[in-house]
2 protein chains.
Amino acid sequence: MSVELRFEYLTNVPLEKAREDYLKALADRGVSAKTETVKTAAAAGRVTASPVYAKICAPHYNACAMDGIALAAELTFKATETSPALIKRELYTPVDTGDPLPPGCDTVIMAEDLIETDSGIKIISAAAPWQHIRQIGEDMCAGEMILPSFSEITPSALGAMIACGVNELSVVKRPTVGIIPTGNEVIMPNDDPREGEVLEFNSVIFSAMLSQWGAKPVTFDIVKDDPAEIKKALVNALSECDAVIVCAGSSAGSEDYSCSVISEAGEVIYHGIAIKPGKPTILGICGGKPVIGVPGYPVSGIIALDEFLRPVIEFLGNTAPFEREFAEAVLSKQVVSTLKYREFIRVSLGYAGDKLIAVPLNRGSGVVSSFMKADGILEVPQELEGYDNGAQVKVRLLRPLREIESSLVATGSHDPLLDELAELLRSFGRELSMKSSHVGSMGGITAIKRREAHVAGIHLLDEATGEYNVSFIEKHFPNGGVSLVECVSREQGLMLPKGNPKNIGSIGDIARDGISYVNRQKGSGTRILCDWLCRREGTDTKKVYGYDREEYTHFAVAAVIAAGSADAGLGIYSAAKAYGLDFLKICDEQYDLLIPNFVWDTPRVQRLLEILKSDAFADRLKQLGGYKLSRPGELRRRFGE
Amino acid sequence: MSVELRFEYLTNVPLEKAREDYLKALADRGVSAKTETVKTAAAAGRVTASPVYAKICAPHYNACAMDGIALAAELTFKATETSPALIKRELYTPVDTGDPLPPGCDTVIMAEDLIETDSGIKIISAAAPWQHIRQIGEDMCAGEMILPSFSEITPSALGAMIACGVNELSVVKRPTVGIIPTGNEVIMPNDDPREGEVLEFNSVIFSAMLSQWGAKPVTFDIVKDDPAEIKKALVNALSECDAVIVCAGSSAGSEDYSCSVISEAGEVIYHGIAIKPGKPTILGICGGKPVIGVPGYPVSGIIALDEFLRPVIEFLGNTAPFEREFAEAVLSKQVVSTLKYREFIRVSLGYAGDKLIAVPLNRGSGVVSSFMKADGILEVPQELEGYDNGAQVKVRLLRPLREIESSLVATGSHDPLLDELAELLRSFGRELSMKSSHVGSMGGITAIKRREAHVAGIHLLDEATGEYNVSFIEKHFPNGGVSLVECVSREQGLMLPKGNPKNIGSIGDIARDGISYVNRQKGSGTRILCDWLCRREGTDTKKVYGYDREEYTHFAVAAVIAAGSADAGLGIYSAAKAYGLDFLKICDEQYDLLIPNFVWDTPRVQRLLEILKSDAFADRLKQLGGYKLSRPGELRRRFGE
């Protein structure tokens, strides 16, 4: 067995020091930007490698700037309305805009100022010398510097260069970066992988990042966890690329060969950076080229590349350092971090009035969707143990604040209908969007209280009255400030494997021997329902195997059952239907939307209410199945102000 | 002759109305975004055309998240340090990160928490069920919406889609836009065009703009000014493109056929917009596709496309409207505009302390370099007649403020050495840049007074003392606040055509009959010198033909003489050398740099002083010719505080 680890090879260098030392090492070993000659017409967005001088003047001749006639200005000097100058045919030349100024002429008179007669043209005012003429070099002169070195070439600069006879120029080469995916378990993407197979999508993420940064990515074939094979692939990649990244195998596990391979092929500057995620990053130089070993988890890889490869690309491409944008936000809950690392925490951002609220997202480094959903990154410095709930923090933005401003933040109980609301809102107009997180009904009430969200789905049964939601709101919002909007009635029941092989007939059966249950998290409406059902049936939940196994959505529970990893779980009909599961209906329940009054009058909330009442919404719920609509979008009750 | 014009066809519609009506007309005629299916791996930056749902869960199986062993958690529940649990070989499975969780196991224990013995593995604390396991769907669940419609696809979204088995998806098609250059005088770019030939660079500018906006440009061959030919080209372009622009010929002149051609092939919504530049823009629809007639002057074309084609591309590509960024600035001089148009004025921006100063640039619509040099656009609304000197104005930014912040604004007297300073400053570091405008020595003094610039080149001779510059500064800065830095001594003289065919031997010869002179603008040091030389020689400048013909740089004067358009002009040796002209030396003069004290201690100024003292600068001046260096970069005098 292979449980022996080699942790001793990992250092724990602070981020800034590692980056600075690495860039300095690259410069010391002569790594630098390369140049190439390109056609001007194809140079948009490139960076000049040397100063560009005008070869010819623009315009390159004295050009008439109006349709009319050209002549010697002195012929007109005495012309007035009462005594016009008559210019004979042989003394002027008809010209169009762009025509060269004819010899002997030094002025142009516009067509609309001319009076044609049989004997010539009448002029009724003096024409100033050089009027309506674009003199040679008016725009730029031969020999003038159009652009200095290291300037980004804009569309208008292309025009200026071509106008000045510059049809090719020297630009900084876009660095080519090789990506080598490694791993025995890693396979090319498909839609039906087997257990233990890992879809290789890191190289796709990294390619797209590299393209954004102006580099040219080249992805090589997947290499098995074999040092000789990895080395062969690295040497091959180095022969055609300006830099190489080796994906996964960067840690110090039994099958992690990146470090030893890079070290053999060149040198390792650092292995192990004091960041989380991203610690097992390797910064190497082989054959005068940067080689970075990237951790296998996608979030770790994204952070490692952003912190280390991006500045390397800027260095190789001679582009200005990317300027990160930041915003001040209020942290919605405590974040605990260790003194060992600088931690990068993905956060969702939303406005509560004019206050920007940051909600930490799933910190798992395998959870690539957390990066997709993140609006920003909160960095916890190494010397801090975290931030308190309510702390004022500086968040690095991953999308513009104006997108965040018009976004509706939904949370609370999970229901697939939230996805459909997001879609309907989106198709209403590009400026509107909705993002959902799933924290259960009680989590939704807490989020609304903390002003972290604009809408929360809740389905909380008051055992005493049999009524849904209202008594919970009265209790948690004694001063009001929220509105309850009717949404749907939905079917709750036990989701069971297709054909119900273990013959489960009631909630009490989940306590049977040999039955593996999967539950929802504490505080979710479904968990509260489950606890209550068990109490009502007299089922001892301590005897239910897996009662503490918690999932955060109906889909997650259904997925566990569909995969054969559990035998039953409480959830809604639409989730059972989506996963082809059997469904033992237990009850109908009221799923409503809780909305703070301060956002009630915003376009995003008013649009949402319209959508709830729409036929399109009803159609989508019919597709999902298990819903009854009575008065969706109607205000059930407004609580205080 | 062809002086008949058809101005009656041009309307003068306000910008917003024209744009709104045009977009509405497009929608009314069924123009809309098209979709296409692409591989997920190639979809970065694209926009989803429909919601994307997860096909499989990510991860798609319960995966071990650590190297170690997997087992049933209950085997460890009673383990403590004093009474460890001994797990026999057949009761656990060694696992690596990513392995599927073996059947019957519900927990993973990390390798470093294991104690291996001959009879099995010792565990000294209870393992929680489902610890160190990435449960199926932890990241996303099958059926979950990954992205709604009309979402831009980020790198991490690519990863999320592939992880969820989505290997292709429907995206909005990037619109293909055909560009048809027209004009008898227009030719393909080269570096030796004849008089009357116009290099076709507009299509290159427009292509680059279209690519920036996410469209695919296709440039067709140049078409002569012939309505039948233009129509043929338009019909052909419409057959393969989603939109077409016809370049030039959009006005109402005798050879302007765009409007009639578009009108014949479809309909013209508007011809003539109340903007300047850009008035003769044509907004048309042919065969259900947008067709825009664009004015021929590059600046007009850029404005017209930015105002009309960009929103069309956003409409066809279903992308979020581009958000323009603005900054408040102080206008450095009066801007006069007409009530007939909304005017777009290119401005240069620079910081004087924390105040942003906007300096209007050349307003000629043929001057493409003014767009290249512009940092922003000042819009003068149609209902205003302009802005006063010192007015607080809102400027649309063309580059980020942080670039403007670190930029050194140079002005005053022209000398090609300014270009070389810009280049040396640039090669010192990407964050530094210098931009120059040429307004003459007196203009430089005025600009420094108005805090519009950080450095001004001046060479002003005090006739009374024979000393340069100092007395002018004493006069114009009675309270000081500036420093005078020594730069170079340079040779002034008469620039003459190669071989001096008109046998000019002194300044007095410029008044001879048959001699055409070209002068520098009033207020320039060279003009002041010329006036003084003429006075000294007793030359009557009224008798000098072309004494009022004014150019703004030494190069421009040299270019006019080199082109045979004038016989003589006063200027510096390096300009004569650059244009291969004869040079009749008249004197040496002192060219210094005037720098306001408030920027003295900034890195950009201190870097500049270093560069002036450097060998690299001396080498470059040697190449240019005609300079003598004594103590460049030394402080000649500091005036007050």
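What counts and what doesn't
Residues numbered from 1 in each chain as written. Chains lettered and ligands numbered in written order. Predicted model: local features only at pLDDT ≥ 70, side-chain atom pairs only at ≥ 80, totals over all residues. Heavy atoms only, no water. Helix = DSSP H or I, 4+ residues; strand = E, 2+ residues; numbered from the N terminus. Rg over C-alpha atoms; globule rule 2.2 N^0.38 Å. Buried < 20%, exposed > 50% of the residue type's maximum accessible area, 1.4 Å probe, protein only. Contact = heavy atoms within 4.5 Å. Pairing = 2+ DSSP bridges. Axes fitted to C-alpha atoms, helices over the stretch in contact; angles between N-to-C directions. Buried area = accessible area lost by both parts, 1.4 Å probe. Salt bridge = Lys/Arg side-chain N within 4 Å of Asp/Glu carboxyl O. Nonpolar A, V, L, I, M, F, W, Y, C, P; charged D, E, K, R; others polar. Parallel < 35°, antiparallel > 145°, perpendicular 65-115°, else oblique. Left-handed = near helix turned anticlockwise from the far one by under 90°. Phe/Tyr/Trp six-rings, centres within 6.5 Å; stacked < 30°, edge-to-face > 60°. Lys NZ or Arg CZ within 6 Å of the ring centre and 35° of its normal. Least-squares fit on C-alpha atoms with pLDDT ≥ 70 in both. pLDDT = per-residue confidence, 0-100.

Caption draft 1: View of the overall build of chain A. Within chain A, the secondary structure is distributed over 16 helices and 38 strands. Here the C-alpha radius of gyration of chain A, 35 Å, is well above what a compact globule of 641 residues would show, namely 26 Å. Principal-axis analysis of the C-alpha atoms places the extent of chain A at approximately 115 × 70 × 45 Å. A total of 641 residues make up chain A; the buried ones form 59% of that total. Across chain A, contacts joining residues at least 24 apart in sequence account for 77% of those joining residues at least 6 apart.

Caption draft 2: A look at the sheet that holds strand S13 (residues 176–181) of chain B. Residues and elements named next belong to chain B. Ordered in space as S16-S13-S17-S21-S20-S18, the 6 strands form an open sheet in which the pairing is mixed. The sheet is open, and its two borders are formed by strand S16 (216–219) and strand S18 (267–271), each paired with just one other strand. Shown here is a sheet whose adjacent strand axes are inclined to one another by a mean of 20°, direction ignored. Against the sheet, helix H1 (residues 15–28) makes contact with S18, strand S20 (282–286) and strand S21 (289–294), and its axis sits at roughly 5° relative to S20, the strand it touches most.

Caption draft 3: Structural view of the interface of chain A and chain B. The interface is formed by 112 residues belonging to chain A together with 112 residues belonging to chain B. Roughly 8900 Å² is buried in total at the junction of chain A and chain B, and carbon and sulfur atoms are behind 61% of that figure. Where chain A meets chain B, there are 4 salt bridges. Linking arginine 402 of chain A and glutamate 323 of chain B is a salt bridge whose minimum nitrogen-to-oxygen distance equals 3.9 Å. For the side of chain A that touches chain B, the elements supplying multiple residues, two or more each, are strand S4 (68–71), strand S11 (145–147), helix H2 (155–163), strand S15 (198–199), helix H3 (202–212), helix H7 (368–373), helix H9 (417–428) and helix H13 (554–562) of chain A. The element contributing the most residues to the side of chain A that touches chain B is H2 of chain A, with 8 residues. When grouped by side-chain class, the residues that make up the side of chain A that touches chain B number 60 nonpolar, 26 polar and 26 charged.

Caption draft 4: Region of the structure containing the packing of H9 of chain A against helix H15 (residues 603–612) of chain A. Residue and element names in this part refer to chain A. Between H9 and H15, whose axes approach to 10 Å, the crossing angle comes to 115°. The angle between H9 and H15 places the two elements in the roughly perpendicular class. In terms of crossing hand, the pair formed by H9 and H15 is right-handed. Where H9 approaches H15, its residues Leu421, Leu424, Leu425 and Phe428 are matched on the opposing element by Arg604, Arg607, Leu608, Glu610, Ile611 and Leu612.

Caption draft 5: Broad picture of the packing of aromatic side chains. Residue and element names in this part refer to chain A. A complete count under the given rule lists 6 aromatic pairs over all chains for this structure. Measuring from ring centre to ring centre gives 5.7 Å for phenylalanine 555 and tyrosine 579, while their planes differ by 65°; the resulting arrangement is edge-to-face. In this pair, phenylalanine 555 sits in helix H13 while tyrosine 579 sits in the loop between helix H14 (573–578) and strand S36 (582–596), placing the two residues 24 residues apart along the sequence. On the accessibility criterion, phenylalanine 555 (4% relative accessible area) is buried. Between tyrosine 573 and phenylalanine 583, the aromatic rings sit 5.4 Å apart at their centres with planes inclined by 85°, giving edge-to-face as the arrangement. With tyrosine 573 in helix H14 and phenylalanine 583 in strand S36, this residue pair connects regions lying 10 residues apart in the sequence. Across the ring face of tyrosine 92, the terminal group of arginine 89 is positioned such that the distance to the ring centre comes to 5.1 Å. One cation-aromatic arrangement involves arginine 310 over phenylalanine 322; the distance from NZ or CZ to the ring centre is 3.7 Å.

Caption draft 6: Spotlight on the relation of the copies chain A and chain B. For these two chains of identical sequence, chain A goes onto chain B by a turn of 180° and a shift of 0.0 Å along the axis, with RMSD 0.1 Å. On the angle and the small slide along the axis, the relation comes out as a two-fold axis. Nearest to the rotation axis, the C-alpha of glutamine 212 of chain A is located 6.4 Å from it, this being the minimum over chain A.

Caption draft 7: Examining the sheet that holds strand S20 (residues 282–286) of chain A more closely. Residues and elements named next belong to chain A. Strands sit in the order S16-S13-S17-S21-S20-S18 across an open sheet of 6 strands; the sheet is mixed. The open sheet terminates on both sides in strands that have one partner only, identified here as strand S16 (216–219) and strand S18 (267–271). Each neighbouring strand pair of the sheet contributes to a mean axis angle of 20°, computed without reference to strand direction. The pairing of strand S13 (residues 176–181) with S16 spans 4 bridges and is parallel. Looking at S16, one finds that isoleucine 179 is bridged to threonine 219. Contacts from helix H1 (residues 15–28) reach S18, S20 and strand S21 (289–294) within the one sheet, and its direction differs from that of S20 by about 5°. Against the sheet, helix H6 (residues 298–317) touches S13, strand S17 (243–247), S20 and S21, its axis set at about 170° to S21.

Caption draft 8: How the structure looks around the confidence of the model for chain A. The share of residues in chain A with pLDDT of 70 or more is 99%, and the mean pLDDT across the chain is 93. Scored below 50 in pLDDT, residues 1–8 of chain A makes 24 contacts in the model with residues more than four places away or belonging to other chains.

Caption draft 9: Fine view of the pattern of salt bridges. Residues and elements named next belong to chain A. Following the criterion strictly, the structure yields 89 salt bridges over all chains and no others. One salt bridge connects glutamate 486 with arginine 631, and the closest N-O pair in it is separated by 3.4 Å. Of the two residues, glutamate 486 sits in strand S32 (residues 480–496) while arginine 631 sits in the loop between strand S37 (627–628) and strand S38 (635–640), which places them 145 residues apart along the sequence. For glutamate 486, a relative accessible area of 8% translates into the label buried.

Caption draft 10: Representation of the packing of H3 of chain A against H6 of chain A. Residue and element names in this part refer to chain A. At their nearest, the axes of H3 and H6 sit 11 Å apart, and the two run at 30° to each other. By the angle class used here, H3 and H6 are roughly parallel. The way H3 lies across H6 gives a crossing that is right-handed. On H6, the residues touching Asn202, Ile205, Phe206, Met209 and Leu210 of H3 are Pro298, Gly301, Ile302, Leu305, Asp306, Leu309 and Ile313.

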